[in-house]
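# An overview of the molecular structure
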Amino acid sequence: MAHQLTGGACIRLNEPIGGDDELFNMRPTVQFLSFKKVVPAPGSSATVDRYRVIISDGEHFLQAMLATQLNHLVEDEKITKHSIATIEKFTCNLVQDKRLLIILSLQIVAKDSSKIGNPTPIQSPSGPNAAGALPQKTAPAASTSTMTARPPPAALAQQPPRQQTRNGRNTVYPIESLSPYQNHWMIKARVSQKSDVKTWSNQRGEGKLFSVTLMDETGEIKGTGFNNAVDELYDKFQEGKVYFVSKARVNLAKKKFSNVQNEYELTFERNTEVEECHDVTNVPTVRYNFVDIGKLSEITKDSVCDVIGVVKDVGQLGEITSKTTNKTVSKRDLTLVDRSGFSVRLTLWGKQAETFVAEDQPVIAFKGVKVGDFGGRTLSMFSSSTMQVNPDIPDAHALRGWFDAAGVDQNYQAQSSSGGGGGGSYGQFERAEILPVNTVKEREMGMSDKPDFFLCRATIMHLKTENIAYPACHTDGCNKKVIEGHDGWRCERCDRSWEKPQYRYIVSLAAADYSGQAWLQGFNDAGQVIFDSKSADEVVEVKDRDDVAFNKIVEQAMGKTYNFVCRAKQETFNDSTRIRYSIQRILPVSYKEEGAYLANLLRRSDWAR
DNA sequence: CCCCCCCC
């Protein structure tokens, strides 16, 4: 029944932010066309699900969000597809240049109905930029009001700015309300993180920069200063202190390069004002959303999370050379434990690695660390991650008490390698989760541009015997294939020839477990294990000389079960792309270690219940 | 205007 719906409601609701008060006073009756649950990204500061809905006025439809206090209406099926309701209160936010309607309260008119009319999408996109594209009568003065100092409706409805003043005039805006379409704002925020000054030099020029993460009750935002702004502001900003910040430019955040939870970011400019604020009420210190170390396996690789743990071990300072930039970087691995009975390796980089002082097993809270999946789960600091040693927070005190009383003598199940080369023959993969072969495939490991590592336990079902080895250079670590020529076997890389090649294994084997089978590629180390410590030279010699003896060697390799540490990576040759599983390590199953591992699992605190 | 976040 079309007359139940408020005609033209969607067009009006889609008007630019800053529209007249009349707009916010309207109580349109609309029909819900769909509901979609939006689950917060792992590591995001959001912790509750939200519902994205599509509403219709019978002529047009429009996307909106339900405020979380209305979630129960969907979950209890008080509103369903085609329900009709009157929106009693709403607000809107700007998200990436788009306007997002948020329904704050509604009155259900009819729970069950059928679809009314044949609504179409609203045509012109309506960021404030697009205001001119809207019919004049629907957007009176809207484009100018967005440029005034007036807080946006979102801030009015959800976060009324406290009428705190500075110099008797400025209103404090919540970080949440900042957008590029607004000039005269001022935020009051704590610096939760300040970077070092970095310099760059590329085709476009060179310069220096620094960045901070600013935080208030409503959210966080990254701010960056270049060149002059470094001189002006770098020393002024102190980690942990609170500042009024205004007149910085607001840009769309390039999310790819930042893990700060905000669609926008700030650039500090010549006239940017920064003034320390000594009234720090209502400006939170670092907000943590800790994940148990034992739950890290549930967190997606490459996401960002907060972790608190006792530093059980501090690794040596090491150095790596980045494959992409060729630069050397210092690193140091810490082993963290918590009450979940698990441990995890966390890597510090650069200055943080160098200056880390190995105190007496402190509790450290980490914010915004990256989750990796090398041999299970690992953690790694970003430049924007922060750590607090022995923070004065309840979680830390509880951990300290537990660890000193009980945790210190406990065994931990590793989410990842310990970094310092662990004891058993499983080495650093000692306690990584053993994945069924099918799970490796189902998880599409190796499908991204970066390799994935996994551990599986499988039995050799088949071995390709045609090319079991290749003639290689003798030079230690060269391993390059050599070609027979007039002066012997020549290595292009080493620019020298050998009288005889040194054969190295390249084994292609099918390994199976209860779940399925996969073809794995192994190199010399794997071949030596599979062929009972025989060198490739020996086996090639037998193969050339005595078929029966060679078949016997192959026979004895079959049906044996190993733990395979594998690397999955997509490779393309001849226009076809497939995932290659290469064996990084092959380990005979140690029943003694397996027994100890299982006993340890049983001792885990959360299994004892 | 940076933008790398690394290695086994």
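Bear in mind that the values here come from a model prediction, so they are computed numbers and not experimental data. Every chain is numbered on its own, with residues counted from 1 as its sequence reads. In the order they appear in the text, chains get letters beginning with A and ligands get numbers beginning with 1. Reporting of local features is limited, given that this is a predicted model, to residues whose pLDDT is at least 70; pairs of side-chain atoms are given and counted only at 80 or more, and all residues count toward the totals for whole chains, interfaces and linings. Side-chain metrics in this entry use all non-hydrogen atoms of the structure; hydrogen atoms and water are not considered.

Turning next to the sheet that holds strand β29 (residues 516-522). Ordered in space as β22-β28-β29-β31-β30, the five strands form a closed barrel in which the pairing is mixed. Pairwise comparison of adjacent strand axes, ignoring direction, gives a mean angle of 60 degrees for this sheet. Paired strands, in this sense, are two strands between which DSSP finds at least two bridges. Helix and strand definitions here come from DSSP, where helices need a minimum of 4 consecutive H or I residues and strands a minimum of 2 consecutive E residues; each element is numbered from the N-terminal end. In this sheet, β29 lies alongside strand β28 (residues 507-513) in antiparallel orientation, the contact comprising seven bridges. Its bridge partner lying in β29, Ala510 is registered against Trp519. Helix axes are fitted to C-alpha atoms over the stretch in contact, other axes to C-alpha atoms as well, and angles between N-to-C directions run from 0 to 180 degrees.

What follows is about the pattern of salt bridges. Just to be clear on terms, a salt bridge is a Lys or Arg side-chain nitrogen sitting within 4 Å of an Asp or Glu carboxyl oxygen. Inspection of the entire model under this criterion finds 18 salt bridges. Where Asp76 meets Lys78, a salt bridge forms, and the shortest distance between an N and an O atom there is 4.0 Å. Working definition: with a 1.4 Å probe on protein chains only, accessible area under 20% of the residue-type maximum means buried, over 50% means exposed, and in between means partly exposed. Judged by relative accessible area, Asp76 falls into the partly exposed class, the value being 48%. Here Asp333 ties to Lys331 by a salt bridge, and the two come within 3.4 Å at their closest N and O atoms. Across the pair, Lys331 and Asp333 agree in class, each one buried. Salt bridges sharing partners connect three or more residues here, namely Lys301, Asp302, Lys370 and Asp373.

The next point concerns the protein's contact with DNA strand B. We call a residue near a molecule or strand whenever a single non-hydrogen atom of that residue lies within 4 Å of it. Around DNA strand B sit 26 residues in total, of which Arg204, Leu209, Lys331, Lys370 and Ser383 are the nearest. Each atom of DNA strand B within 4 Å of the protein was classed as base or backbone; sugar and phosphate made up 31%. A distance of 3.1 Å separates a base nitrogen of DNA strand B from a polar atom in the side chain of Arg345. At the level of elements, β8 (198-202), β10 (219-226), β15 (304-321), β16 (328-337) and β17 (342-349) are the ones that each hand at least two residues to the surface near DNA strand B. Here the residues of the surface near DNA strand B sort into nine nonpolar, seven polar and 10 charged. In the analysis that follows, any N or O atom pair within 3.5 Å is treated as a polar contact, provided that within protein one partner can donate a hydrogen and the other can accept it, and provided that, for residues neighboring in sequence, both atoms belong to side chains. Note that Gly is not counted as nonpolar here; it falls among the polar residues with everything else outside the nonpolar set of Ala, Val, Leu, Ile, Met, Phe, Trp, Tyr, Cys and Pro and the charged set of Asp, Glu, Lys and Arg.

The subject of this paragraph is the sheet that holds strand β26 (residues 496-498). Here we have three strands laid out as an open sheet, ordered β24-β25-β26, and antiparallel in their pairing. Bordering the open sheet on either side are β24 (483-485) and β26, each of which pairs with just one other strand. Mean inter-strand twist for the sheet, computed between neighbouring axes without regard to direction, equals 45 degrees. Bridge count between strand β25 (residues 488-491) and β26: three bridges; the pairing is antiparallel.

Between the rings of Phe, Tyr and Trp (Trp by its six-membered ring), a pair exists once the centres lie within 6.5 Å; its type follows the angle of the planes, with under 30 degrees stacked, over 60 edge-to-face, and the other angles tilted. Enumeration according to the criterion identifies 14 aromatic pairs in this entry. Each ring, one from Tyr288 and one from Phe290, has its centre 4.6 Å from the other, and the planes form 15 degrees; the classification is stacked. Taking the relative accessible area as the measure of exposure, Phe290 reaches 22% and is therefore partly exposed. Consider the rings of Phe454 and Tyr581, whose centres lie 5.8 Å apart with planes at 85 degrees: the pair is edge-to-face.

Let's shift gears to unusual backbone geometry. Phi is positive for Asn282, which is not a glycine, with a value near 65 degrees. Look at Asp495: it is not a glycine, yet its phi comes out positive at around 55 degrees.

Bringing the state of the cysteines into the picture now. Our working definition of a disulfide is a cysteine sulfur pair at a distance within 2.5 Å. Counting across every chain of the model gives zero disulfides. Take Cys473: it sits in no disulfide, and the sulfur closest to it among the cysteines is that of Cys494, at 3.7 Å.

With that settled, the discussion passes to the confidence of the model for chain A. Low-pLDDT portions of the prediction should not be read for the details of their coordinates. Residues at a pLDDT of 70 or more form 84% of chain A, whose mean pLDDT is 82. The model gives residues 126-169 a pLDDT under 50, and that stretch makes 80 contacts with residues more than four places away or in other chains. A low-confidence stretch, residues 417-430 stays under pLDDT 50, and its non-local contacts, those more than four residues away or across chains, total 32 contacts. What pLDDT conveys is the predictor's confidence in a given residue, as a value from 0 to 100. We call two residues in contact whenever any of their non-hydrogen atoms come within 4.5 Å of each other.

Further remarks concern helix α12 (residues 547-557). All buried positions along α12 are accounted for by Phe550, Ile553, Val554 and Ala557. The buried residues of α12 occupy one face: seen down the axis, they fall within an arc of 95 degrees. Opposite the buried face of α12, by more than 90 degrees, sit the exposed residues Val548, Lys552 and Glu555. Near the N-terminus of α12, the side chain that reaches the backbone nitrogen of Val548, with its oxygen 3.1 Å away, is that of Asp546. Gly559 occupies a position one or two residues after α12 and carries a positive phi of about 75 degrees. Arc, as used here, means the arc of the directions from the helix axis to the C-beta atoms.

Moving on to the nonpolar core. Counting 35 residues, the largest nonpolar core has Leu509, Phe531 and Phe564 as its most contacted members. For this core, the element with the most residues is strand β22 (residues 452-463), which contributes five residues. Core analysis: the second largest hydrophobic core is formed by 25 residues, Cys10, Phe32, Ile79 and Ile122 among them. Among buried residues, those of type Ala, Val, Leu, Ile, Met, Phe, Trp, Tyr and Cys that are joined through side-chain atoms within 4.5 Å constitute a nonpolar core.

Another point: helix α8 (residues 394-405). Here the expected span of a helix is defined as 1.5 Å times the quantity of residues minus one. With 12 residues, α8 extends 17 Å from end C-alpha to end C-alpha; this agrees with the ideal 16 Å at 1.5 Å per step. All of the buried residues in α8 are Ala396, Leu399, Trp402 and Phe403. One side of α8 holds all its buried residues, which, seen down the axis, span an arc of 135 degrees. Exposed positions of α8 whose direction lies more than 90 degrees from the buried face are Pro394 and Ala405. Tucked into the core, α8 has its buried residues touching β15, β16 and β18 (363-372).

For the rest of this paragraph, the subject is the packing of helix α11 (residues 536-545) against α12. Interhelical geometry of α11 versus α12 gives an angle of 135 degrees and a closest axis separation of 6 Å. The angle between the axes of α11 and α12 places the two elements in the oblique class. The handedness of the crossing between α11 and α12 is left-handed. Note on element contacts: α12 touches α11 through Asp547, Ala549, Phe550 and Ile553, opposite Val539, Val542, Lys543 and Arg545. Of the residues contributing to the contact of α11 with α12, the split by class is five nonpolar, no polar and three charged. Just so you know how the angles are binned, under 35 degrees is roughly parallel, over 145 roughly antiparallel, 65 to 115 roughly perpendicular, and the rest oblique. Helix crossings fall into two classes, left-handed where the near helix is turned counterclockwise from the far one by less than a right angle and right-handed where it is turned clockwise.

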